[in-house]
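Structure at a glance
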Amino acid sequence: MRVITSKKELAEYIQSLRAEGATIGFVPTMGALHQGHIALISHSQQENDYTVCSIFVNPTQFNDVEDFKKYPRNVAVDTEMLEECKCDILFLPDVEEMYGETEEINPDLEGLDEKLEGEFRPGHFKGVMQIVYLLLKAVSPDRIYMGLKDYQQQLLVGKMITSLGLPVTLRAVQIDREDSGLARSSRNVRLTTYQRNDAAVIYKTLFLAKEALKNGIEISTIISDSLEELEKYDTKLEYFKICDAETLEDLDEYSEHIPTVILIAIWWGGVRLIDNIML
């Protein structure tokens, strides 16, 4: 695996690969890698000649300084994992390298950045869109791979790609889960064993809500029952929403003709977790 820290070196190497007709897949990460990230890399390897994985803890997408400081970092372990799964290139820039010559962008996100995560994490998506754009510009891949756990994020990246006319295809990959059903996340390492076991109720609640929707139960009842279940635990719920999967508008009733997503953001102890399930 080739480790590259500068955009200039990366561009030159990618250009040499493209001269041979190679295709490039890209998996952007903030490190603290887990099997969900490895699954993204595997998808890229199946569709491309070379795969680039970036590790960059992006400061501009954290609206909480303490959350940024606490974000898990272990580049040595991450590098070993990437070598084991035969990733071709690790792009490991620092903040100055990525933001030394920042180019402002203004994609049309159709207001989707103001909902859900945007409401509870002001400025978050502006930082996400900026860094994803800068990374895409640096890597110039054919395809970018993102997990559906961050449902709203990948939806917005797709909007940005379309709005700015970027020559890249977004591949959204299904959520990778632990045996308990808990969605894999870099933040899970901050949970105690007890919390991690209990947090499996997040997926259970989503799954039961999905089944209730399919069985014709009213949305208001489903939300009420879901909140009642979650309130049994020492948590702080930010949102539990049943939305149109394309517009993120709240749904009053379910129709199999409308793509639907159930989304949750919840503080489990001092750790913020998000998850979702599709219909």
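Positions within a chain are numbered from 1, following the residues in the order the chain's sequence is written. Only residues with pLDDT of 70 or above have their local features reported here, since the model is predicted, and side-chain atom pairs are shown and tallied only from 80 upward, although totals for entire chains, interfaces and linings are computed over all residues. Side-chain measures here rest on the full set of heavy atoms in the structure, leaving out hydrogens and waters.

1. Topic: the overall build of the protein
Within the protein, the regular secondary structure consists of 11 helices and nine strands. In this treatment the radius of gyration is a C-alpha quantity, and the globule benchmark scales as 2.2 Å times the residue count to the 0.38 power. Rg of the C-alpha trace for the protein: 19 Å, near the compact-globule value of 19 Å for 279 residues, within the 12% margin. Taken over the C-alpha atoms alone, the protein extends approximately 60 × 40 × 35 Å along its principal axes. Counting every position in the protein, which comprises 279 residues, the buried fraction comes to 49%. Pairs of residues are marked as contacts when any of their non-hydrogen atoms sit within 4.5 Å. Sequence-distant contacts in the protein: of pairs separated by 6 or more residues, those separated by 24 or more amount to 75%. Elements are defined by DSSP. Helices are runs of H or I of four residues or more, strands are runs of E of two residues or more, and each kind is numbered from the N terminus. With a 1.4 Å probe rolled over the protein chains alone, any residue whose accessible area is under 20% of its type maximum counts as buried; one over 50% counts as exposed, and the rest are partly exposed.

2. Here's the deal with the side chain of Gln130
By the element assignment, Gln130 lies in helix α7 (residues 124-139). Those residues within four positions of Gln130 in sequence are excluded, and the remaining contacts are Tyr99, Thr102, Glu103, Glu104 and Ile105.

3. Regarding the sheet that holds strand β8 (residues 260-268)
Two strands form a pair only when DSSP identifies at least two bridges running between them. Read across the open sheet, the three strands follow the order β7-β8-β9; overall the sheet is antiparallel. Because the sheet does not close on itself, it has two edges, and the strands there are β7 (235-244) and β9 (271-278). Going from strand to strand, the sheet's axes swing by 10 degrees on average, the running direction of each strand aside. In this analysis an axis means a line fitted to C-alpha atoms, helices contributing only their contacting stretch, and an angle means the value between N-to-C directions, from 0 to 180 degrees.

4. Some words on the packing of helix α10 (residues 201-214) against helix α11 (residues 219-230)
Where α10 meets α11, the axes come as close as 10 Å, and the angle between the chain directions of the two elements is 160 degrees. Classified by the angle between their axes, α10 and α11 sit roughly antiparallel to one another. The two elements α10 and α11 cross, and the hand of that crossing is right-handed. Note on element contacts: α11 touches α10 through Ile219, Ile222, Ser226, Glu229 and Leu230, opposite Val201, Thr205, Ala209, Ala212 and Leu213. Side-chain classes are defined by residue name, with Ala, Val, Leu, Ile, Met, Phe, Trp, Tyr, Cys and Pro counting as nonpolar, Asp, Glu, Lys and Arg as charged, and the others, Gly among them, as polar. When its residues are assigned to classes, the contact of α10 with α11 shows seven nonpolar, two polar and one charged. Should an angle fall under 35 degrees it is called roughly parallel, over 145 degrees roughly antiparallel, and 65 to 115 degrees roughly perpendicular, with every other angle called oblique. Rotating anticlockwise by less than a right angle from the far helix to the near helix defines a left-handed crossing, while the corresponding clockwise rotation defines a right-handed one.

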